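Listed below, chain by chain, are the residues.
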Amino acid sequence: VAITTRLLVSHLSGIRHYEKDITKVKEEKEKANRAFKLTKPYQDKEQKEKEGKGIEKTDSVKPRKEHEGEVKSRNSKPGRRDKEFEQEEYYLKEKFESVIESLKIFKNDPLFFKPGDQFLYSTYGFTLLSAVVERVSGQKFTDYMLKMFRDLDMLSTVLDDNEAMIYNRARCYVYNKKGRLVNAPYVDNSYKWAGGGFLSSVGDLLKFGNALLYSYQAGQFKNTNGKLLPGYLKPDTVAMMWTPVPKTEVSWDRDGKYAMAWAVVEKKQQYGCCRQQRHYASHTGGAVGASSVLLILPEELDSEALDTGLVAPPRGVVVSIICNMQSVSLNSTALKIAREFDKEKWVQ
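No experiment lies behind these values; they were computed from the predicted model shown.

Engineer: Whenever I open this one, the overall build of the protein confuses me. Can you help?
Structural biologist: For the protein, the count of helices and strands is 11 helices and nine strands. Evaluated residue by residue, the protein yields a buried proportion of 40% over its 348 residues. A fraction of 68% describes how many contacts in the protein between residues 6 or more apart in sequence connect residues 24 or more apart. Accessible area for the protein stands at about 20200 Å²; split by element, carbon and sulfur atoms hold 53% of it.

Engineer: Please explain the side chain of Thr248 as it appears in this structure.
Structural biologist: Here Thr248 lies in the loop between α9 (235-241) and β5 (257-258). Within the structure, the side chain of Thr248 is placed 2.6 Å from the backbone oxygen of Val245, a separation counted as a polar contact. Sequence-distant contacts of Thr248, defined by excluding residues within four places in its chain, comprise Ser10, Leu12, Phe119, Lys257 and Tyr258.

Engineer: Would you take a moment to explain the environment of Lys20 for this structure?
Structural biologist: Mapping Lys20 onto the fold places it in the loop between α1 (5-9) and α2 (22-52). With 67 residues separating them in the primary sequence, Lys20 and Gln87 have C-alpha atoms 9.2 Å apart. Setting aside anything within four residues of it in sequence, one finds Lys20 in contact with Glu89 and Phe112.

Engineer: Help me understand the packing of aromatic side chains, please; the structure alone is not making it clear to me.
Structural biologist: Geometrically, a pair of aromatic rings is defined through the distance of the ring centres and the angle of the planes. A complete count under the given rule lists 11 aromatic pairs for this structure. Ring centres of Tyr18 and Tyr124 lie 5.6 Å apart, and the angle between their planes is 65 degrees; this geometry places the pair in the edge-to-face category. Of the two residues, Tyr18 sits in the loop between α1 and α2 while Tyr124 sits in helix α5 (residues 123-137), which places them 106 residues apart along the sequence. On the basis of relative accessible area, Tyr18 is assigned to the buried category, the value being 3%. Assessed through its relative accessible area of 1%, Tyr124 is described here as buried. Among the aromatic residues, those joined into a cluster by ring pairs are Tyr18, Phe85, Tyr90, Tyr91, Phe106, Tyr124 and Tyr191.

Engineer: I would appreciate a short explanation of the side chain of Ser291 in the present structure.
Structural biologist: Assignment of secondary structure puts Ser291 in strand β8 (residues 290-298). Polar side-chain contacts of Ser291 include one of 2.7 Å to the backbone oxygen of Met325. Within polar-contact distance, the side chain of Ser291 engages the backbone nitrogen of Ser327 at 3.3 Å. Excluding anything up to four places from it in sequence, Ser291 contacts Gly285, Ile321, Ile322, Cys323, Met325, Gln326, Ser327, Val328 and Leu330.

Engineer: Quick question: what am I supposed to make of the state of the cysteines here?
Structural biologist: Defined simply, a disulfide is a covalent bond joining two cysteines at their sulfur atoms. What the rule picks out here adds up to zero disulfides. No disulfide involves Cys172; its sulfur sits 9.3 Å from the nearest other cysteine sulfur, which is in Cys323. Classification of Cys172 as partly exposed rests on a relative accessible area of 26%.

Engineer: Any chance you could explain helix α6 (residues 141-151) here in plain terms?
Structural biologist: What sets the pattern is the α-helix's 3.6 residues per turn: residues three or four places apart point alike. Within α6, burial applies to Phe141, Thr142, Met145 and Phe149. Burial along α6 is one-sided: seen end-on, the buried residues are contained in an arc of 95 degrees. Looking at α6, the residues exposed on the side facing more than 90 degrees away from the buried face are Lys147 and Arg150. Along its buried surface, α6 packs onto α4 (99-102), α5, β1 (158-159), α7 (193-196) and β4 (198-199).

Engineer: Would you mind showing me how to read the pattern of salt bridges here?
Structural biologist: Opposite charge on two side chains permits pairing when their charged atoms draw close. Applying the stated criterion across every chain yields a total of 14 salt bridges. Where Asp109 meets Arg16, a salt bridge forms, and the shortest distance between an N and an O atom there is 2.6 Å. One end of the pair, Asp109, is in the loop between α4 and α5; the other, Arg16, is in the loop between α1 and α2, with 93 residues separating them in the sequence. Using a relative accessible area of 30% as the deciding quantity, one classes Asp109 as partly exposed.

Engineer: Help me out: how do you make sense of a nonpolar patch on the surface in this one?
Structural biologist: The grouping of Val1, Ile3 and Leu111 at the surface amounts to a nonpolar patch, some 270 Å² of accessible area in total. Relative to the helices and strands, Ile3 is located in the segment before α1.

Engineer: Even after reading the chapter, I still don't get the environment of Pro313, so can you show me in this structure?
Structural biologist: With respect to the helices, strands and loops of the structure, Pro313 is situated in the loop between α10 (303-308) and β9 (316-323). When near neighbours in sequence (up to four residues on either side) are disregarded, Pro313 contacts Tyr214, Gln217, Ala218, Phe221 and Leu228.

Cut-off values and rules
- Residues numbered from 1 in each chain as written.
- Predicted model: local features only at pLDDT ≥ 70, side-chain atom pairs only at ≥ 80, totals over all residues.
- Heavy atoms only, no water.
- Helix = DSSP H or I, 4+ residues; strand = E, 2+ residues; numbered from the N terminus.
- Buried < 20%, exposed > 50% of the residue type's maximum accessible area, 1.4 Å probe, protein only.
- Contact = heavy atoms within 4.5 Å.
- Areas by Shrake-Rupley, 256 points an atom, 1.4 Å probe, with all protein chains shown as cover.
- Polar contact = N/O pair within 3.5 Å; in protein donor to acceptor, adjacent residues only side chain to side chain.
- Phe/Tyr/Trp six-rings, centres within 6.5 Å; stacked < 30°, edge-to-face > 60°.
- Disulfide = S-S within 2.5 Å.
- Arc of directions from axis to C-beta.
- Salt bridge = Lys/Arg side-chain N within 4 Å of Asp/Glu carboxyl O.
- Patch = residues over 30% accessible without salt bridge, like charges linked within 9 Å, V, L, I, M, F, W, Y side chains within 5 Å.

What follows is the structure, given as structure tokens:
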């Protein structure tokens, strides 16, 4: 088989995630699909009721089970760990000198499916991707990334290195089996720098989101008389990154599809005065003792704004949330915040 970088970045490579047992992975997928099918009639009924009452429903609708899961996570007794965090490899303490060296963790394991056939979120797929960057660039992946962060003015984004003294580094927390809040256990993330090994701040993530939004919109504006600087990436590159890839799925928003390292919800409205989807891109993050999300809601620009050049990118809302607590669902909160800011802008 052949595994391309595009398959890796869209999690279609067949490379395993933390779970080594393919049977368990298939069972979990089947359960999720059954739950979604069962909740679909409930969603449709709920939607019709709200439309009948004249309530505008613009938030992304989640399956009932997923929504209830979020409520339970807030109200249930602490101590219940997310199943994913029960995997031993989340708690590795071995230090790897390079990402190529860390490939030994999974390089001899069988693929779960033929590349391109199915979607399976895989942190190790991104480890392999970082090894490609390391070989192609001729420098350590971490050095390559830190230079990029400097170019983006993300000066607070660093490696999550346990030995280094990092200013303002937060302590991370988990609930133990007795439901008590405790410090997160020691882990060494050198085996997965690309998939969850960097520390950042809300401010830096906002800079990153705005840089991508600027790059995405820069090519749309006309009559700027050369005053508009180019984006960090080409507009077509970001558009490609934010284009849904077939056969993918997104656990944190059933309206979305996975694209290239981003989850994307496309603009959609089937019926007048009914539910509508806004185009946005997001990604959540989960680590031992921490959770995060970065969401980008581009502004829907009219032709006048694009042609006159009276406004300049980035135009839209970028939301970043970081919390030092494990297994916290944040995407729906970020989307609600983004919509409130977007609504307020139009009111003004």
